[in-house]
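Now for the letters of each chain:
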Amino acid sequence: MGCFAQDSGPMPRRLPHLLRGLAACLLVTALGCSESGAPTPVDDADYERLKAEAVRVHERGRNRAKAIDLLEEVAALRPGQAGIHRRLGQLHGELKQNDDALRHFEAVLEARPDDLQSVLSVISLRTAINATGDIEPLVRQLADSDEFRGDGLYHLALLRYEAGDIDAAMALLDKARTLPSTLGYRCASLHGVLLLEEGRFAEALERFEAARRGRADYKETLNGLALTHRRLGNEDEARRWETIHRLFLDLTDDVYMKSRKRADDRAVVLEQITLAYPEWTDGFRDLADLYSKHGNTAAACRTIERLVEENPSMPDAMRNTLKNEYCGGRP
């Protein structure tokens, strides 16, 4: 038996009679379109009830397929709702359904062209499906912003690199050195990759370490550290980073890992990560939160105690806050 109680399976759809009828009507009318192609008119109150049900199922987080079905029905009724399209983009993205995710994030941009988080999502998804031919204006929109400048410079450098202009890519990545590490970690990691390709191993290692300071769980950086240490002949370090990289792939690349049915599997991987990579303190919090969510308060407290032990310089106020939150104030 695992650490957590297993989910009994997908929750049955329990729409009120009116909403079930509305969903059936949507199927008949080709997902909310009349014969003329225009969205089918719907009463405001009926629409709000269906929307509330869709949002509730999404936020409950137990059945992504059902959430997608309901949100698609809502989007078909009133296509211009950016918030609904954003939810659908996130859900499809979590399931690695990149084409569907892209369709919905592009719908967000149609309604809100200055939504920079969705601009980044569109760029990332187009890059993932190798459809980057017309994305430079969007990339420059990010690079000209304060909050997303690092992402913009990263994607601009990637475009230059893929076009064969290595010098231009390197110049952009050098420019990103002035950014705070939390904003420029992707640029630092890509810089490390290009330096590694040129055989400049010591410089590549410096760039990967800079990237790790900005975001400790970025998989490109973890893989880059493994490769660079191997090139430098540091076999123990190379094997360590290979193990850490593989664990993060296990944690993030399985689209069902965050489901209730996979809670035990997720806990096992997080336990392994906290042992292999205690520098990633978020791992302890994620693991403690997972245990707490599923009622295993003793394991949550033990996890926080390990976090405190791994960080002896942690301020007393933070230590006490964590103990109060996860251990009931136990000293």
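Residues numbered from 1 in each chain as written. Predicted model: local features only at pLDDT ≥ 70, side-chain atom pairs only at ≥ 80, totals over all residues. Heavy atoms only, no water.

### Examining the nonpolar core
Piece 1. Within the largest apolar cluster, 71 residues are counted, with the highest numbers of intra-cluster contacts made by Phe248, Ile273, Tyr277 and Trp280.
Piece 2. When residues in this core are grouped by element, the largest group, seven residues, is from helix α10 (residues 181–197).
Piece 3. Residues in contact with Tyr277, not counting those within four places in the same chain, are Arg212, Ala216, Leu222, Arg240, Trp241, Ile244 and Phe248.
Piece 4. By size, the runner-up hydrophobic cluster in this structure holds 17 residues, among which are Val57, Leu70, Ile84 and Val255. (Core = buried A, V, L, I, M, F, W, Y, C linked by side-chain atoms within 4.5 Å. Buried < 20%, exposed > 50% of the residue type's maximum accessible area, 1.4 Å probe, protein only. Helix = DSSP H or I, 4+ residues; strand = E, 2+ residues; numbered from the N terminus. Contact = heavy atoms within 4.5 Å.)

### Quick look at unusual backbone geometry
Piece 1. One non-glycine residue with positive phi stands out, namely Lys96, at about 60°.
Piece 2. Mapped onto the elements of the fold, Lys96 is located in the loop between α4 (82–94) and α5 (98–111).
Piece 3. Of note, the phi angle at Asn130 is positive, near 55°, even though the residue is not glycine.
Piece 4. Position of Asn130 relative to the elements: it lies in the loop between α6 (116–128) and α7 (136–143).
Piece 5. Residue class for Asn130 comes out exposed when judged on its relative accessible area of 71%.

### A look at the state of the cysteines
Piece 1. Tallying each qualifying case throughout the model produces one disulfide.
Piece 2. Paired by a disulfide, Cys301 and Cys327 hold their sulfur atoms 2.1 Å apart. Disulfide Cys301-Cys327: torsion about the S-S bond near 110°, hence right-handed. Taken together, the residues Cys301 in helix α16 (residues 297–310) and Cys327 in helix α17 (residues 316–327) connect sequence positions 26 residues apart.
Piece 3. Note on Cys301: relative accessible area 1%, which makes it buried. (Disulfide = S-S within 2.5 Å.)

### Description of the packing of aromatic side chains
Geometry of an aromatic ring pair is reported as the spacing of the ring centres plus the angle between the planes.
Piece 1. This model, assessed by the stated rule, comprises four aromatic pairs.
Piece 2. For the ring pair Trp241 and Tyr277, a centre distance of 5.4 Å and an interplane angle of 80° mean the geometry is edge-to-face. Of this pair, Trp241 sits in helix α13 (residues 235–252) while Tyr277 is found in the loop between α14 (263–276) and α15 (281–293), placing the two residues 36 residues apart along the sequence. For the pair Trp241 and Tyr277, a shared accessibility class is recorded, and that class is buried.
Piece 3. With 6.2 Å between their ring centres and 80° between their planes, Phe248 and Tyr277 make a pair best called edge-to-face. Here Tyr277 lies in the loop between α14 and α15 and Phe248 lies in helix α13, a separation of 29 residues in the sequence.
Piece 4. An aromatic cluster of at least three residues, connected via ring pairs, comprises Trp241, Phe248, Tyr277 and Trp280.
Piece 5. Here Arg78 stacks its cationic end above the ring of Tyr47, 4.2 Å away from the centre of that ring.
Piece 6. Taking NZ or CZ as reference, Arg240 lies 4.8 Å from the ring centre of Trp241, over its face. (Phe/Tyr/Trp six-rings, centres within 6.5 Å; stacked < 30°, edge-to-face > 60°. Lys NZ or Arg CZ within 6 Å of the ring centre and 35° of its normal.)

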